[in-house]
Amino acid sequence: MRIGELATRTHVSVRALRYYEEHALLTAERTPSGQRHYPESAVARIHLIQQLYAAGLSSRTIRDLLPCVLDGRATPELLHRLTAQRDHLTTKLAALTATRDTLDRVIANAETSLRTGEACGGGE
């Protein structure tokens, strides 16, 4: 498929797809006139790249882990980096969960205030 179709199907800009190519996250066949053509598997690859970016992984880390994801190749260094990244995500998730729990308490207090007319209690 051409770059525009891939962008449409993945909801990613053409510019982002070119960036992925520049950083060896994505490859395309080229026609004699230089047009990019991507295999159907590029759709799933873009979704994976987007998911990993959303989790906070860098282009370099994503590029390095793709061989492991695609054909099972890994190195001890990659395993160490991925483990560290997972630990970082775990820490971020714990912080987000604590923030959500605080917000839940504030919402509950606000709901009580609306029902009773009394002032909201603290978020504690």
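About the thresholds
Residue positions are given per chain, counted from 1 along the sequence in the order it is written. Since the coordinates come from a predicted model, pLDDT governs what is reported: local features require at least 70, and pairs of side-chain atoms require 80 or more to be given and counted, while whole-chain, interface and lining totals use all residues. Side-chain numbers here rest on the full set of heavy atoms in the structure, without hydrogens or water. Here a helix means four or more residues in a row that DSSP labels H or I, a strand means two or more in a row labelled E, and each is numbered from the N terminus. Only C-alpha atoms enter the radius of gyration; for comparison, a globular chain is expected to reach 2.2 Å times N to the power 0.38, where N is the number of residues. UniProt positions are given in the numbering used here, feature names are shortened, and annotations may be inferred rather than shown by experiment. Fitted lines through C-alpha atoms serve as axes, helices being fitted only where they are in contact, and the angles separating the N-to-C directions of these axes extend from 0 to 180 degrees. By the definition adopted for this analysis, an angle is roughly parallel if under 35 degrees, roughly antiparallel if over 145, roughly perpendicular if from 65 to 115, and oblique otherwise. Crossings are sorted by hand: turned counterclockwise from the far helix by less than a right angle, the near helix makes the crossing left-handed, and turned clockwise it makes it right-handed. In what follows, residue pairs with any heavy atoms lying within 4.5 Å of each other are defined as contacts. Each residue is assigned to one class: nonpolar for Ala, Val, Leu, Ile, Met, Phe, Trp, Tyr, Cys and Pro, charged for Asp, Glu, Lys and Arg, and polar for all the others, Gly among them. For the purposes of this section, nonpolar cores are sets of buried Ala, Val, Leu, Ile, Met, Phe, Trp, Tyr and Cys residues that join through side-chain atoms within 4.5 Å. For the exposure calls, accessible area comes from a 1.4 Å probe over protein chains only, and a residue counts as buried if that area is under 20% of its type's maximum, exposed if over 50%, partly exposed in between. Here, expected helix span is obtained from the residue count minus one, scaled by 1.5 Å.

Caption draft 1: Structural detail: the overall build of the chain. Helices and strands together make up the secondary structure of the chain, namely five helices and two strands. In the chain, the succession of helices and strands from N to C terminus is α-α-β-β-α-α-α. Computed over the C-alpha atoms, the radius of gyration of the chain is 22 Å, more than 25% above the 14 Å expected from 2.2 N^0.38 for a compact globule of 124 residues. Principal-axis analysis of the C-alpha atoms places the extent of the chain at approximately 75 × 35 × 20 Å.

Caption draft 2: Main features of the UniProt feature "domain: HTH merR-type" (unreviewed entry) in the chain. If you check UniProt for "domain: HTH merR-type" (unreviewed entry), the listed places come out as residues 1–68 in our numbering. End C-alpha atoms of residues 1–68 are separated by 25 Å, and the span's content is 60% helix alongside 6% strand.

Caption draft 3: Region of the structure containing the packing of helix α4 (residues 59–71) against helix α5 (residues 76–116). Running from amino to carboxyl end, α4 crosses α5 at an angle of 120 degrees, the nearest separation of the two axes being 11 Å. With respect to each other, α4 and α5 are oriented oblique. The handedness of the crossing between α4 and α5 is left-handed. Two secondary-structure elements touch here, α4 through Arg-60, Thr-61, Asp-64, Leu-65 and Cys-68 and α5 through Leu-78, Arg-81 and Leu-82. In the contact of α4 with α5, the residues fall into four nonpolar, one polar and three charged.

Caption draft 4: Structural detail: the nonpolar core. Counting residues in hydrophobic clusters, the biggest one holds 21 residues, and the most contacted among them are Leu-6, Leu-17, Tyr-20, Leu-26, Tyr-38, Ile-46 and Ile-62. Among the secondary structure elements, those contributing two or more residues to this core are α1 (3–10), α2 (14–22), α3 (41–54) and α4. When residues in this core are grouped by element, the largest group, five residues, is from α3. Once residues within four sequence positions are removed from consideration, Ile-46 is found in contact with Leu-6, Thr-10, Val-12, Leu-17, Tyr-20 and Leu-26.

Caption draft 5: The environment of Leu-17, seen in detail. Within the fold, Leu-17 resides in helix α2. Separated by 84 residues in sequence, Leu-17 and Asp-101 have C-alpha atoms that sit 38 Å apart. Not counting the four nearest positions on each side in its chain, Leu-17 is found in contact with Ile-3, Leu-6, Ala-7, Val-12, Leu-26 and Ile-46.

Caption draft 6: Quick look at α5. Between the first and last C-alpha of α5 there are 60 Å, a value that for 41 residues agrees with the 60 Å anticipated at 1.5 Å per step. Those residues of α5 lying buried are Leu-78, Gln-85 and Ser-113. Against α4 lie the buried residues of α5. Downstream of α5 by one or two residues, Gly-117 has phi in the positive range, about 80 degrees.

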